[in-house]
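Summary of structural features
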Amino acid sequence: MSIESIGSLTGPAGGIAPEPRARDVARPGDGPGSFTEALGGALGKVDKLQLEADAQAEKVALGGGNLHEMSLALEKADVSMRLAMKVRNKLVEAYQEIMRMGV
Amino acid sequence: MDFLTALRISGAGLGVERTRVNLATSNLANAETTRTAEGGAYKRLDPVIQAVPFPAELGEAQSLGSPPMKAEIAAIVADQTPGRKVYSPGHPDADPEGFVVFPNVNPVHEVVNLMSASRSYEANATAIETLKTMAQRGLDIAR
Amino acid sequence: MKIFDTTLTRLEEALDVRLVEHNVLAGNVANADTPGYRPKALDFSQAMAAAEQMFAGDGMASTSARHLGPAGEGAGEASSRASAAATLLIRETPGTSPSIDGNEVDLDRTMAGLAENSLQYGASARAAGKKLAILRYVVSDGGS
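1. Topic: the overall build of chain A
- The helix and strand tally for chain A stands at 3 helices and 0 strands.
- For chain A, restricting intrachain contacts to residue pairs at least 6 apart in sequence, the fraction spanning at least 24 positions comes to 27%.

What follows is the structure, encoded as structure tokens:
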């Protein structure tokens, strides 16, 4: 057994990364362009929209701010959250469907 | 400070303005009245309006801030300015010298009061409408 | 666990203070013909700052037993800290149109103030409703 064989397991994309990530062990399909990343990115955007809506609402509450900007931000937050919920429901459904399949 | 308070303040304002209108129209209607039950010519009526801290039982908060006040009619007083005298010996209400005392009503003055009271009445009514809109929006939070 | 964030609190405070402001303006309108009456005013940003302090510091120390307590007791119908804080900040202001009878209410400006206040109240109410609606949607699993 030589060190080289272990070393060959590290790949430029996919495969096992040289150092384990902070929280989870990398699995195949976790590299750039993977589904995990896409999902994480999307959720991050939804979160950003929520925070943006909060910021706008707070500005208006304090007496300043711009009414239509606030409304747009709130609506974007609402729609993106609904979309995220729909996606999440579909994912859960798909998971349950898969689990129902006999092996 | 809540909706009921605002409603009462504006309602009191409406009442005050309505009284002003009533007094102005009474004065106008009696501009030529030379004979009254109390004797003598009609004397024009004036409202005495005062601002009252609201509500009256909010005694403590009064000393700390400057609470909104409602308006109310403190009294209605007769204007004691002597009316104009007109020489008219044949008039049934003429005094021994032949002068008739006419009411101290200046119609132009009364009409101006009427217009001012009317504008203020509308302003109070608008304040109530605004309050209703706000209340509706507030209720809409819970749809 | 905190379900409702500070933004919602800020919106609640804004609603309370806007209502106090309406009362102040309505009082000025009602007294538009009262001789010698000096109009009252509320500085909105000041009131919001005071409301926030009330919330953060969990009440002020009363210097007199007869003063309003932190929960607003003794304030009659004032139902919240923000209301109480704002009420304390109402001041008499010199009016802009003194007339012969000493009344200083500028009716037109006051009406404009009422309109703007109402609009801002509606905006805060709409924002609060929307935030809660998003929360409600998520909580009900995308059902409603």
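2. What to know about the overall build of chain B
- When helices and strands are counted, chain B shows 3 helices and 4 strands.
- Put simply, chain B runs from its N terminus to its C terminus through helices and strands in the order α-β-α-β-β-β-α.
- Its C-alpha radius of gyration of 22 Å places chain B more than 25% over the 15 Å reference for a compact globule of 143 residues.
- Referenced to the eigenvectors of the C-alpha coordinate spread, the extents of chain B come out at roughly 75 × 35 × 20 Å.
- When the 143 residues of chain B are sorted by exposure, 29% land in the buried category.
- At a minimum sequence separation of 6, the contacts of chain B that also span at least 24 residues come to 67%.

3. A short note on the interface of chain B and chain C
- Taken residue by residue, the interface counts 42 residues in chain B and 45 residues in chain C.
- Of all elements in the fold, only helix H1 (3-29), strand S1 (45-53), helix H2 (59-64), strand S2 (69-78) and helix H3 (107-140) of chain B reach the threshold of two or more residues within the side of chain B that touches chain C.
- The leading source of residues in the side of chain B that touches chain C is H3(B), at 13 residues.

4. Focus on the interface of chain A and chain C
- Contacts between the two partners involve 17 residues from chain A and, on the opposite side, 18 residues from chain C.
- Sorting the residues of the side of chain A that touches chain C by element identifies helix H2 (35-61) and helix H3 (67-100) of chain A as the ones contributing at least two each.
- Of the residues belonging to the side of chain A that touches chain C, the class tally is 10 nonpolar, 2 polar and 5 charged.

5. Describing the confidence of the model for chain B
Residues and elements named next belong to chain B.
- Looking at chain B as a whole, its pLDDT mean stands at 88, while 92% of the residues score no less than 70.
- When mean pLDDT is compared element by element in chain B, H3 scores highest at 94, while H2 scores lowest at 48.
- Confidence drops under pLDDT 50 across residues 57-63; counting only partners more than four residues distant or on other chains, this segment forms 14 contacts.
- Scored as a complex, the prediction yields pTM 0.79 and ipTM 0.83.

6. A short note on the packing of H3(B) against helix H1 (residues 6-30) of chain C
- In the contact formed by H3(B) and H1(C), the axes pass within 10 Å of each other and the chain directions differ by 170°. Considering the angle they form, H3(B) stands roughly antiparallel to H1(C). Between H3(B) and H1(C) lies a crossing whose hand is left-handed. Across from B:Ala123, B:Asn124, B:Ala127, B:Leu131, B:Met134 and B:Gly138 in H3(B), the residues of H1(C) making contact are C:Leu15, C:His22, C:Ala26, C:Val29 and C:Ala30.
- In terms of residue class, the contact of H3(B) with H1(C) is made up of 8 nonpolar, 3 polar and no charged.

7. Some words on the environment of B:Phe99
Residues and elements named next belong to chain B.
- In this structure, Phe99 sits in strand S4 (residues 99-101).
- Judged by the 16 C-beta atoms lying within 10 Å of it, Phe99 is partly exposed.
- C-alpha of Phe99 to C-alpha of Thr130: the two residues are 31 residues apart in sequence and 54 Å apart in space.
- Those residues within four positions of Phe99 in sequence are excluded, and the remaining contacts are Lys85, Val86, Tyr87 and Ala94.

8. Brief notes about H2(A)
- An ideal rise of 1.5 Å per residue puts 39 Å on 27 residues; H2(A) measures up with 39 Å between its terminal C-alpha atoms.
- Taken together, the buried positions of H2(A) are A:Val46, A:Leu49, A:Gln50, A:Ala53, A:Asp54, A:Gln56, A:Ala57, A:Glu58, A:Val60 and A:Ala61.
- The elements touched by buried residues of H2(A) are H3 of chain A together with H1 and helix H4 (107-139) of chain C.
- Phi for A:Gly63, located one or two positions after H2(A), is positive at around 105°.

9. Points about the packing of H2(A) against H3(A)
Residues and elements named next belong to chain A.
- Two elements in contact, H2 and H3, have axes whose closest approach is 8 Å; the angle formed by their N-to-C orientations is 150°. In terms of orientation, H2 and H3 fall into the roughly antiparallel class. Note that H2 runs across H3; the crossing there is left-handed. Where H2 approaches H3, its residues Leu43, Val46, Leu49, Gln50, Glu52, Ala53, Gln56, Ala57 and Val60 are matched on the opposing element by Leu67, Glu69, Met70, Ala73, Leu74, Lys76, Ala77, Ser80, Met81 and Ala84.
- Looking at the contact of H2 with H3 residue by residue, the class counts come to 13 nonpolar, 3 polar and 3 charged.

10. Regarding the confidence of the model for chain A
- Here chain A averages 81 in pLDDT, while 71% of its residues score no lower than 70.
- When pLDDT is averaged over each helix and strand of chain A, the minimum, 49, is found for helix H1 (residues 3-7) of chain A and the maximum, 94, for H3(A).

11. Side note on the nonpolar core
- Judged by nonpolar contacts, the single largest core of 59 residues is most densely connected at C:Ala47, C:Ala51, C:Ala85 and C:Ala86.
- If one sorts the elements of this core by residue count, H1(C) sits on top with 11 residues.

12. Some thoughts on H3(A)
- In a regular helix each residue adds 1.5 Å, so 34 residues correspond to 50 Å; H3(A) covers 49 Å between its end C-alpha atoms and thus fits that length.
- All of the buried residues along H3(A) are A:Met70, A:Ala73, A:Leu74, A:Ala77, A:Ser80 and A:Met81.
- Those residues of H3(A) hidden inside the fold are in contact with H2 of chain A together with H4 of chain C.

13. Brief notes about the environment of C:Leu19
- Looking at the element boundaries, C:Leu19 is found in helix H1.
- Its 26 C-beta neighbours within 10 Å are what place C:Leu19 among the buried residues.
- Residues C:Leu19 and C:Ala128 lie 109 residues apart in sequence; the distance between their C-alpha atoms is 15 Å.
- Dropping the residues within four chain positions of it, C:Leu19 is found in contact with B:Met1 and B:Asp2.

Parameters at a glance
- Residue positions are given per chain, counting from 1 as you read along its sequence in written order.
- In the order they appear in the text, chains get letters beginning with A and ligands get numbers beginning with 1.
- Given that this is a predicted model, residues contribute local features only at a pLDDT of at least 70 and side-chain atom pairs are listed and counted only at 80 or more, while totals for whole chains, interfaces and linings are drawn from all residues.
- A run of H or I in DSSP counts as a helix once it spans at least four residues, and a run of E counts as a strand once it spans at least two, with each numbered from the N terminus.
- Two residues qualify as being in contact provided that their C-beta atoms, derived from the backbone, are within 7 Å of each other.
- Put simply, the radius of gyration uses C-alpha atoms, and a globule should come to 2.2 Å times the residue count raised to 0.38.
- The exposure scheme places C-beta atoms from the backbone and then counts, for each residue, the other C-beta atoms within 10 Å of its own, assigning buried at 20 or more, exposed at 12 or fewer, and partly exposed in between.
- Each residue receives one of three labels: charged for Asp, Glu, Lys and Arg, nonpolar for Ala, Val, Leu, Ile, Met, Phe, Trp, Tyr, Cys and Pro, and polar for the others, Gly being one of them.
- For every residue, the predictor reports its confidence as pLDDT, a number between 0 and 100.
- In this analysis an axis means a line fitted to C-alpha atoms, helices contributing only their contacting stretch, and an angle means the value between N-to-C directions, from 0 to 180 degrees.
- Roughly parallel means an angle under 35 degrees; roughly antiparallel, over 145; roughly perpendicular, 65 to 115; everything else is oblique.
- Each crossing gets its hand from how the near helix is turned against the far one by less than a right angle, where anticlockwise is left-handed and clockwise is right-handed.
- In this scheme, a helix's expected span is set at 1.5 Å multiplied by one less than its residue total.
- For the purposes of this analysis, a nonpolar core is taken to be any set of buried Ala, Val, Leu, Ile, Met, Phe, Trp, Tyr and Cys residues that are connected through C-beta atoms within 7 Å.

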